[in-house]
Amino acid sequence: MKNKILKNMDWGILICTLVLLAIGLVALFSATQSTDYEELKKQIIWIAISLPIMIAIIFIDYNFISKISPILYGLILIALIAVLFTPSNHGATSWFTIGSISLQPAEFAKVIVIITLATYMSRIQEKGKDQISRPTRLLVALAIVMVPVLLIIKQPDYGTACTFVVATIFILFSAGIKKRYIIAGILLTVIIIPTLYFFVLPEHAKTRIDVFLNPNLDPRGAGYNVIQSKLAIGAGEFLGMGILKGNQTQLGFLYPKSTDFIFAVIGEEMGFVVAATVIITYVILITKSIYIAKTAKDNLGSYIAIGIAGILLFHFTENIGMTMGLLPITGVPLPFVSYGGSSLLTNLMMIGLLLNISGRRQKAIFID
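Cut-offs and rules
Within every chain, residues take consecutive numbers counted from 1 along the sequence as written. pLDDT decides what is reported in this predicted model: residues at 70 or higher carry local features, side-chain atom pairs at 80 or more are listed and counted, and totals for whole chains, interfaces and linings draw on all residues regardless. Hydrogens are left out, water is left out, and the side-chain values use all remaining heavy atoms of the structure. You can read pLDDT as the predictor saying how much it trusts each residue, on a scale of 0 to 100. Any two residues whose heavy atoms approach within 4.5 Å are treated as being in contact. All axes here are fitted lines through C-alpha atoms, helices being fitted over the stretch that makes contact, and every angle between N-to-C directions spans 0 to 180 degrees. In this text, helices come from DSSP runs of H or I with a minimum length of four residues, and strands from runs of E with a minimum of two, each type numbered from the N-terminal end. Angles are sorted into four bins: roughly parallel if under 35 degrees, roughly antiparallel if over 145, roughly perpendicular if 65 to 115, and oblique for all others. Crossings are assigned a handedness: left-handed for a near helix turned anticlockwise from the far helix by less than a right angle, right-handed for a clockwise turn. Ten residues, namely Ala, Val, Leu, Ile, Met, Phe, Trp, Tyr, Cys and Pro, are considered nonpolar, four, namely Asp, Glu, Lys and Arg, are considered charged, and the remaining ones, Gly among them, are considered polar. Using a 1.4 Å probe on the protein chains alone, a residue whose accessible area is under 20% of its type maximum counts as buried, one over 50% counts as exposed, and one in between counts as partly exposed. Here a polar contact means two N or O atoms within 3.5 Å. Within protein one must be a hydrogen donor candidate and the other an acceptor candidate, and residues neighboring in sequence count only if both atoms are side-chain atoms.

Asks: Run through the confidence of the model for the chain, naming residues and quoting values.
Replies: Per-residue confidence for the chain gives a mean pLDDT of 89; residues scoring 70 or more make up 95%. Counted against residues more than four places away or in other chains, residues 363-368, with its pLDDT under 50, gives eight contacts.

Asks: A description of the packing of helix α6 (residues 105-125) against helix α8 (residues 158-175) should follow, citing residues and the corresponding values.
Replies: In contact at an axis separation of 11 Å, α6 and α8 are set at 20 degrees when each is read in the N-to-C sense. Judged by the angle between their axes, α6 and α8 are roughly parallel. Crossing geometry of α6 relative to α8 is assigned as right-handed. Facing Ala106, Glu107, Ala109, Lys110, Val113, Ile114, Leu117, Met121 and Gln125 of α6, the residues of α8 in contact are Thr160, Thr163, Phe164, Ala167, Thr168, Ile171, Leu172 and Ala175. Per-class residue counts for the contact of α6 with α8 are eleven nonpolar, four polar and two charged.

Asks: Report on unusual backbone geometry, specifying residues and quantitative values.
Replies: Of note, the amide linkage connecting Gln155 to Pro156 takes the cis form, showing an omega dihedral of -5 degrees. Here Pro156 shows up in the loop between α7 (135-153) and α8. Backbone torsion omega between Tyr255 and Pro256 reads -5 degrees, so that peptide bond is classified as cis. Tracing the backbone shows Pro256 in the loop between α12 (247-250) and α13 (262-295).

Asks: Give me the lowdown on the environment of Thr287, citing residues and values where you can.
Replies: Here Thr287 shows up in helix α13. Here Thr287 falls in the partly exposed class, since its relative accessible area comes to 49%. When the C-alpha positions of Thr287 and Leu313 are compared, they lie 9.6 Å apart, and in sequence the two are 26 residues distant. At 2.7 Å, the side chain of Thr287 forms a polar contact with the backbone oxygen of Val283.

In structure tokens form, the structure reads like this:
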């Protein structure tokens, strides 16, 4: 069984992941020089913890994970509620802190919610392809996602909340919901966005949008980080200024350089060549994820894979887009590259699921 899974597994997914991890470690080596490489050391420890968990997930039948998803979903809701009562950190209650370790339940919620939604969708479609287009069925599917999303918004963490929305759209679209719902969703979005801006979003979120539209509106305040990021990327030119030699990175103008703006560090010190390599690697990774969804042996595997593709696509485009000033700043990390234990563990768990699904695509593997 294990040999067949390894033989059928899409090794390109793993190669892309390892390439991004390697580039991320080099970037963190440069970005954390001033702090005695503290975050780099922690990242290496998290990689050592996460890789065995990823390998374990590859060999656990994803149908079994699906069966226990309601339990996992309940536990993660409890965690998302409990984290709201923790001390605020940089204006957000998003982390459980145990000694020197910080865990962010919203990150783990991504995997659990995707599996839970995929489980519900696959079971509904067993009763008929048009079942998901029934209003009651669709409302239940949306409720599965919206409950944790609302709790995450409460923290507040709008970037992570958006991740769930994109993944849900990917899953619903692949499930073949009727066009009228898609059109209604687009019209609702057009109405909701300006409503949220004027009546719901807090002042700091509005400021981020305003600064995105005009970074020079507050060049020493809210627009400072994105201006420095663009300067860093531009200064790297084709081959970069060299590791530990970037002006914005090493002189402290770029912040936070180990998480949100790690791509700017890559652009400045490693140049266009490595920055383009990162982008191409993500495109390959996401394309392969979509292909796995297309070729999965069942709807469950297909929905899990396409949900993961949506998460990776959002993080990739949002993080790199915000460092270039093309999208508003949301604090979304760059998968496998940015520093962050919870994020890294979650992302490698998703890679484990993709490899799991790809390794089980041939029905012969399941013959007793």
